[in-house]
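As a plain string of letters, each chain reads:
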Amino acid sequence: QVQLVESGGGLVQAGGSLRLSCAASGSTFRIGVMGWYRQAPGKQRELVAIITSGGSTNYADSVKGRFTISRDDAKNNVALQMNSLKPEDTAVYYCNAVGYASVTYWGKGTLVTVSS
């Protein structure tokens, strides 16, 4: 089992920055891919960014060049640096991890609100 706890959400003006952090605990040695997803009101959850255990990354087109995902396996942490935020980035952001046998784990989410 893996537990994920997000932090760092909040209210920011358009053009500002936030840094989200996700702390993993439990069977963290079995974690492969980690990532961030988001769900805006009335919309489906969507991929924001993922990072493999080898450090390869992939981003949604809408955040490329603005967001950066990173992980520190020694600290069991994955972070999302968000710059040049836009009102359309407003959503609940969820941390995700894929563990042994491809079992997927989710955090409870952290709200990011970007005002115009």
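Look up a bit, the structure's there.
Residues numbered from 1 in each chain as written. Predicted model: local features only at pLDDT ≥ 70, side-chain atom pairs only at ≥ 80, totals over all residues. Heavy atoms only, no water.

### With respect to the sheet that holds strand E1 (residues 2-7)
An order of E1-E3-E8-E7 is seen for the four strands of this open sheet, with the pairing classed as antiparallel. Both outer strands of the open sheet, E1 and strand E7 (67-72), are each paired with one neighbouring strand and no more. Ignoring strand direction, the axes of neighbouring strands in this sheet form an average angle of 15°. (Pairing = 2+ DSSP bridges. Helix = DSSP H or I, 4+ residues; strand = E, 2+ residues; numbered from the N terminus. Axes fitted to C-alpha atoms, helices over the stretch in contact; angles between N-to-C directions.)

### Concerning the environment of Ala40
Along the chain, the position of Ala40 falls in the loop between strand E4 (34-39) and strand E5 (46-51). Ignoring any residue separated from it by four or fewer positions in sequence, one finds Ala40 in contact with Thr90 and Ala91. (Contact = heavy atoms within 4.5 Å.)

### Re the pairing of E5
The pairing of E4 with E5 spans five bridges and is antiparallel. Bridging across to E5, Arg38 finds its partner in Glu46. What sits between E4 and E5 in their antiparallel hairpin is a turn of six residues, with Gly42 showing a positive phi close to 75°. Where E5 lies against strand E6 (residues 57-59), three bridges are found, and the strand directions are antiparallel.

### Notes on the nonpolar core
Counting residues in each nonpolar core, the largest one holds 30 residues, and the members touching the most others are Leu4, Trp36, Leu80, Met82 and Tyr93. Elements represented by at least two residues in this core include exactly E1, strand E3 (18-26), E4, E5, E7, strand E8 (77-82), strand E9 (91-98) and strand E11 (110-115). Once residues within four sequence positions are removed from consideration, Met82 is found in contact with Gly16, Ser17, Leu18, Leu20, Arg66, Phe67, Tyr93 and Val112. (Core = buried A, V, L, I, M, F, W, Y, C linked by side-chain atoms within 4.5 Å. Buried < 20%, exposed > 50% of the residue type's maximum accessible area, 1.4 Å probe, protein only.)

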